[in-house]
Amino acid sequence: MKLKQLFLLLLCLPSWLMAADVVPELPAASEADATLESIPLAPPSSAAQKLYFAAKNDLLQIRVLLKSGRTQASVGSGFLVGSSDLVVTNYHVMSQIALEPEVYVGEFVDTNGQRGDVELLAVDVLHDLAVVRVSRKGTGFFKVPEQASKLFSLTQGQYLYSLGNPLDLGFAISEGSYNGIIGRAFYDQFMFTGPINSGMSGGPNITAEGKIAGVNVSKRLDGELVSFLVPARFVVELLNKVAAQQEQKKKTAKDFNAEVGQQLIAHQNVMVNKLLETPLSLKALGPYRVPVRESEQVRCWGRSNAKPDAPFEVDQMNCQMESAIYVSALMQTGNIAIRHTYTRSEKLDAMRFSRLISNSFKNQMPAGNKDQRLTAASCTEEFVTNKNLSMRAVLCVRAYRKFSGLYDFALFTASTDQSRMSLQSRIDARGVSYENGMRLSRLFLNSISNNSGSKP
């Protein structure tokens, strides 16, 4: 079947994929801050001590509790904005309340032990921020300007200080330095060379003068003191959104699933357009040419099993977007990955090699519907001829139950032109619209070819 005919079939996938039912997720057992490694904080300097004592009355611990029994489910940090009753924290600290308000509630605890309820007002999933309202007001220490243009500029190596409640042990301050904007993140983040522990997410990061630089968000588990901050300008934007809602006297949503879904839809459009703003690169892999993307957001790696005694040889190329959007402890999305595997053998006969490749291809297929956040996969399989290469192609699509209009696409291909040589390729697009999923799949399939320039 020709390529055009295949995708006419793909456009006729079952209609239930376009409007999936909503079912509740299982509650997460892990902390919202599970991405942060637990390491001891260094003793604070005298400057850090002065900052802490000046700021401590406006620091809060944010707790997410099960409504039934008020059992603690996760903890994070936050800070009061100016002299208002608004608190800034991370979205991932509040994600359980945002997505399952019927199951979870929030409370705050301040440095004096005062407690109170938390009301979620706004979320920014893409920059991992949230704003909540509490039953007390700030002293005015953490001032956030109304315009991002009034924020100050940071310089490389400038001292910064992160505050929060690490590991639910008590309020603390850690010091480090600013080391620029992370180029590989899809949205700007600052690199903070200092310790941030689990429980400090959502806490403020400030300069020696007490000005807001950003919000604690995460750290690298494979590095030493490599931590990340959400820049303060995104805090300004979210607070302005809250202010506009209050001026218009709009009711605060109790369930933020629709808002989260809209933000994810916006992200996937930006993500796909960015990925395809220039043609995909074509690289030689054995006798084949395969599409890849190498950019600030996507990195590619290669590996091989080449050994003299191996019954077959495998060269593999993997390209992975380095960031994803945190939705919940059980879901990260908004991500694209590409993989190519070139396998050949001079020791296996054609039948044994065919069995090897068939098993490898079959193992990539989705098995059952273990993930209740998504519908079962709907897959279409055809044999196609693309340019000068015949291939077996399978496209699988799964719809998000809670976020209408979002899908996971997976396209698998395997060359069928040689008896003891095979190219298997795969692209995964997570959290994309149906149109963008088809767009990526068509482009990927059209880009694979035989490097010889003629059909073998």
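Below or above, wherever it landed, is the structure these notes cover. Small disclaimer: the values here were computed from a predicted structure and weren't measured. (Residues numbered from 1 in each chain as written. Predicted model: local features only at pLDDT ≥ 70, side-chain atom pairs only at ≥ 80, totals over all residues. Heavy atoms only, no water.)

Examining the state of the cysteines
Part 1 of the argument: Per the stated rule, a full pass over the model turns up two disulfides.
Part 2 of the argument: Through a disulfide, Cys 300 is tied to Cys 319; the S-S separation comes to 2.0 Å. Negative torsions about the S-S bond denote left-handed disulfides, and the value of about 105° found for Cys 300 with Cys 319 makes this one right-handed. Here Cys 300 is found in strand β15 (residues 298-304), whereas its partner Cys 319 is found in strand β16 (residues 313-321), with 19 residues between them in sequence.
Part 3 of the argument: There is a disulfide in this structure between Cys 379 and Cys 396, and the S-S distance comes to 2.0 Å. Of note, the bridge from Cys 379 to Cys 396 carries an S-S torsion of about 110° and is right-handed in sense. With a gap of 17 residues between them, Cys 379 in strand β20 (residues 378-386) and Cys 396 in strand β21 (residues 389-399) connect regions that are remote in the sequence.
Part 4 of the argument: Here Cys 379 falls in the partly exposed class, since its relative accessible area comes to 41%.
Part 5 of the argument: Of the residues examined, Cys 396 reaches a relative accessible area of 3% and is grouped as buried.
Part 6 of the argument: Listing the disulfide partners of the protein chain by sequence rank of the bonded cysteines yields 1-2, 3-4. (Disulfide = S-S within 2.5 Å. Helix = DSSP H or I, 4+ residues; strand = E, 2+ residues; numbered from the N terminus. Buried < 20%, exposed > 50% of the residue type's maximum accessible area, 1.4 Å probe, protein only.)

Focus on the sheet that holds strand β2 (residues 72-80)
Part 1 of the argument: The six strands are arranged β1-β2-β3-β6-β5-β4 in a closed barrel whose pairing can be described as antiparallel. Shown here is a sheet whose adjacent strand axes are inclined to one another by a mean of 40°, direction ignored.
Part 2 of the argument: Note that β2 and strand β3 (residues 86-89) share two bridges and pair antiparallel. Residue pairing in the sheet places Leu 80 in a bridge with Val 87 of β3. (Pairing = 2+ DSSP bridges. Axes fitted to C-alpha atoms, helices over the stretch in contact; angles between N-to-C directions.)

Section: the packing of aromatic side chains
Part 1 of the argument: Applying the stated criterion across every chain, the model contains nine aromatic pairs.
Part 2 of the argument: These aromatic residues form a ring-pair network of at least three members: Phe 79, Phe 141 and Phe 142. (Phe/Tyr/Trp six-rings, centres within 6.5 Å; stacked < 30°, edge-to-face > 60°.)

Some points on the environment of Leu 129
Part 1 of the argument: The topology assignment puts Leu 129 in strand β6 (residues 129-133).
Part 2 of the argument: You can call Leu 129 buried: its relative accessible area is 1%.
Part 3 of the argument: Counting along the chain gives 86 residues from Leu 129 to Val 215, while the straight-line C-alpha distance between them is 8.4 Å.
Part 4 of the argument: Sequence-distant contacts of Leu 129, that is, excluding residues within four places in its chain, are made with Val 88, Thr 89, Asn 90, Tyr 91, Ala 122, Val 123, Asp 124, Val 215, Val 230, Phe 234, Val 235 and Leu 238. (Contact = heavy atoms within 4.5 Å.)

A closer look at the sheet that holds strand β19 (residues 335-344)
Part 1 of the argument: The strand order across the open sheet built from seven strands is β15-β16-β19-β23-β22-β21-β20, with neighbouring strands paired in antiparallel fashion. Only two strands of the sheet have a single neighbouring strand rather than two, namely β15 and β20. Strand-to-strand twist across the sheet, computed as the mean angle between neighbouring axes with direction ignored, equals 15°.
Part 2 of the argument: When β20 meets β21, the two strands line up antiparallel, connected through nine bridges. Paired with Cys 379 across the bridge in β21 is Cys 396.
Part 3 of the argument: In this fold helix α6 (residues 350-362) packs onto β19, β21, β22 (407-415) and β23 (421-432), with an angle of close to 5° to the strand it touches most, β23.
Part 4 of the argument: Sheet contacts for helix α7 (residues 434-447): β19, β20, β21, β22 and β23; angle to β22, the most-contacted strand, approximately 15°.

Details of the side chain of Gln 263
Part 1 of the argument: Looking at the secondary structure, you find Gln 263 in helix α5 (residues 257-275).
Part 2 of the argument: Non-local contacts of Gln 263, meaning those with residues more than four positions away in its chain, are made with Val 123, Asp 124, Val 125, Leu 126 and Lys 241.

Quick word on the packing of α5 against α7
Part 1 of the argument: Closest axis-to-axis distance for the α5/α7 pair is 10 Å, and the angle between their directions is 20°. Between α5 and α7, the crossing angle belongs to the class labelled roughly parallel. As α5 runs across α7, the sense of the crossing is left-handed. Between α5, through Gln 268, Asn 269, Val 272, Asn 273 and Leu 275, and α7, the contact on the second element is made entirely by Asn 436, Arg 439 and Leu 440.
Part 2 of the argument: Among the residues making up the contact of α5 with α7, the classes are represented as three nonpolar, four polar and one charged. (Parallel < 35°, antiparallel > 145°, perpendicular 65-115°, else oblique. Left-handed = near helix turned anticlockwise from the far one by under 90°. Nonpolar A, V, L, I, M, F, W, Y, C, P; charged D, E, K, R; others polar.)

Looking at unusual backbone geometry
Part 1 of the argument: Phi at Asp 128 is positive, roughly 60°, even though this residue is not glycine.
Part 2 of the argument: With respect to the helices, strands and loops of the structure, Asp 128 is situated in the loop between β5 (115-124) and β6.
Part 3 of the argument: Unusually for a residue other than glycine, Asp 168 sits at a positive phi of about 60°.
Part 4 of the argument: Position of Asp 168 relative to the elements: it lies in the loop between β7 (159-164) and β8 (172-181).

Considering the nonpolar core
Part 1 of the argument: In this structure, Tyr 91, Met 94, Leu 120, Val 123, Val 260, Phe 403 and Phe 409 are the most contacted members of the largest nonpolar core, which totals 72 residues.
Part 2 of the argument: Membership of the second largest hydrophobic core comes to 34 residues, among which are Leu 129, Ile 173, Val 217 and Val 235. (Core = buried A, V, L, I, M, F, W, Y, C linked by side-chain atoms within 4.5 Å.)

Observations regarding the environment of Arg 289
Part 1 of the argument: Relative to the elements of secondary structure, Arg 289 occurs in strand β14 (residues 288-292).
Part 2 of the argument: A relative accessible area of 30% places Arg 289 in the partly exposed class.

Side note on the pairing of strand β4 (residues 104-110)
Part 1 of the argument: Counting buried positions along β4 yields seven of seven residues, so the element is predominantly enclosed.
Part 2 of the argument: Every second residue of β4 is oriented toward a common face, with Tyr 104, Gly 106, Phe 108 and Asp 110 on one face and Val 105, Glu 107 and Val 109 on the other, all of them buried.
Part 3 of the argument: Bridge count between β4 and β5: four bridges; the pairing is antiparallel. In the strand pairing of β5, Glu 107 is matched with Asp 117.

What about helix α3 (residues 91-99)?
Part 1 of the argument: Counting buried positions along α3 yields nine of nine residues, so the element is predominantly enclosed.
Part 2 of the argument: Along α3, the residues classified as buried are Tyr 91, His 92, Val 93, Met 94, Ser 95, Gln 96, Ile 97, Ala 98 and Leu 99.

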